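These are the residues of each chain, in order.
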Amino acid sequence: MTSQREAAAMDTMGTGTMPYRDGMVGVRRRRPWRVASALAGALLLAGVSVVVGCRAADSDGVTPVPQALAFLPWLLVPGGAGLALAVLGRWRTGMVWGVAVLAVTGWYTQPYGAASTQPKGSILAEFQVLTSNTEFGWATDDLIATVKRERPDLVFVEECSFRCADALAADLPKGDYPYRDVVREDGSAGSAILSRFPLRMVEPIESVMAMPGAVVTIGGRDVRLQLAHPSPPLPGDDAKWHQEMGRIREFAREAKGGPVIVAGDFNATQDHALFRSVLDDGALHDSARLTGQSGTWSWPADRSTPLRTQIDHVLVSGDFKATSARFLTLRGTDHRALLVGLSLYGG
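These figures come from a predicted structure and were not determined experimentally.

Chemist: Please explain the environment of Val215 as it appears in this structure.
Modeler: Inspection of the secondary structure assignment puts Val215 in strand S8 (residues 211–218). Relative accessible area serves as the criterion here: at 11%, Val215 is assigned to the buried category. In sequence terms Val215 and Phe327 are 112 residues apart; their C-alpha atoms lie 26 Å from each other. Sequence-distant contacts of Val215, that is, excluding residues within four places in its chain, are made with Pro198, Leu199, Arg200, Val202, Asp222, Val223 and Arg224.

Next up, the structure:
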């Protein structure tokens, strides 16, 4: 025969209740707000884990991963919130998960690539490179004023509309920039390369927005130039970005071995696998990294925007030493221009 007390104990198994010594049956339940806190923490940690997992797997994934990777350091915020919610919900697995997510995310916020180049020989030339996305040409006036003030030797212009192209021709004397490769397209499709050095055009990279290339003679050496402006990884439409970044990577691989400068709006950061592959396959170096400014933002230019990142770059081969890098604010564009000082070695 089973006693009444034993029967009550058996009836409560698996239901979250437990018998007490005095014969009373109590209910052991988690408080609803703790359950909700743990669930919210799990959702945050899961989202961050997907993005950081792609970073660790050297993959850009698909929407929304490429977009989130552009702001990877900012993922420390939802990751920290996820950990806090796990602690609040007394969810031990979530606490361990949260610490791991923050550690891995923090690791990947470190600058990518070598901190310096090791060029050989003597200095053949010292010069400056400016790259600027003028946003449909709206920042053309400030760009021209900046060029006249800073006097860079090479100028790369993205989103150079008809107005931009006409203004460059009218307001920047041919005597200052006698060598030019201007692709006249309206809106965001136009681009331009201006040079104080002898310049000859070469085959551009096929793209929606013009990416012209050239060979310029500096200090007696031929230097391969390439303007970069791949399509952005728009949500749900990032295939074109993957394709055009892949073409830039192929260019970098084929140009490897000689002096190379690739400058422009890459619509990519060091946390994108495709951008890192351009560096690695072409043995290129990011000038901002070489001058200790990997964390300096270039887009969006509005200081009131909390999420900012660096998508404008000047990449150079090991023949160069980057001596300076400054991000300049121009009125009329959502990008900051980048002015880089370079020394070319050889001999």
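Chemist: Explain the sheet that holds strand S4 (residues 154–158) here, please?
Modeler: Two orientations exist for strands paired in a sheet by backbone hydrogen bonds: parallel and antiparallel. An order of S5-S6-S4-S3-S14-S13 is seen for the six strands of this open sheet, with the pairing classed as mixed. Of all the strands in the sheet, the pair left with one neighbour each is strand S5 (179–183) and strand S13 (320–328). Along the sheet, successive strands turn relative to each other by an average axial angle of 10°, direction set aside. The pairing of S4 with strand S6 (residues 191–195) spans five bridges and is antiparallel. Bridged to Val155 within S6 is Leu194. With respect to the sheet, helix H6 (residues 140–150) is in contact with strand S3 (122–133), S4, S13 and strand S14 (337–346), its orientation differing from that of S3 by roughly 160°. Packed on one face of the sheet, helix H7 (residues 162–171) meets S4, S5 and S6 and runs near 165° to S5.

Chemist: Would you take a moment to explain helix H4 (residues 76–88) for this structure?
Modeler: Because each turn of an α-helix spans 3.6 residues, side chains separated by three or four positions end up pointing in the same direction. Between its first and last C-alpha atoms H4 spans 18 Å; for 13 residues at 1.5 Å apiece the expected length is 18 Å, and the two agree. For H4, the complete set of buried residues consists of Gly79, Gly82, Leu83 and Ala86. Taken around the axis of H4, the buried residues stretch over an arc of 95°, which confines them to a single face. Each element contacted by the buried residues of H4 is listed here: helix H2 (32–56) and helix H5 (92–108). Of the residues one or two after H4, Arg90 is the one with positive phi, at around 55°.

What counts, and at which threshold
- The residue count restarts for each chain, going from 1 along the sequence in the order it is written.
- The predicted nature of this model means local features are confined to residues of pLDDT at least 70 and side-chain atom pairs, given and counted, to a pLDDT of 80 or more, with totals for whole chains, interfaces and linings taken over all residues.
- By convention in this description, side-chain values take in all heavy atoms of the structure and omit both hydrogens and water.
- Here a strand is any run of E in DSSP of at least two residues, a helix any run of H or I of at least four, and the numbering for each starts at the N terminus.
- Only protein chains enter the accessibility calculation, which uses a 1.4 Å probe; a residue whose area is less than 20% of its type maximum is buried, one above 50% is exposed, and one in between is partly exposed.
- Any two residues whose heavy atoms approach within 4.5 Å are treated as being in contact.
- The pairing criterion is simple: DSSP has to find at least two bridges between the two strands.
- Axis angles are defined between N-to-C directions and span 0 to 180 degrees, where every axis is a line fitted to C-alpha atoms and, for a helix, only to the segment in contact.
- How far a helix is expected to stretch is found by multiplying one less than its residue total by 1.5 Å.
- The directions considered for the arc are those from the helix axis to the C-beta atoms.

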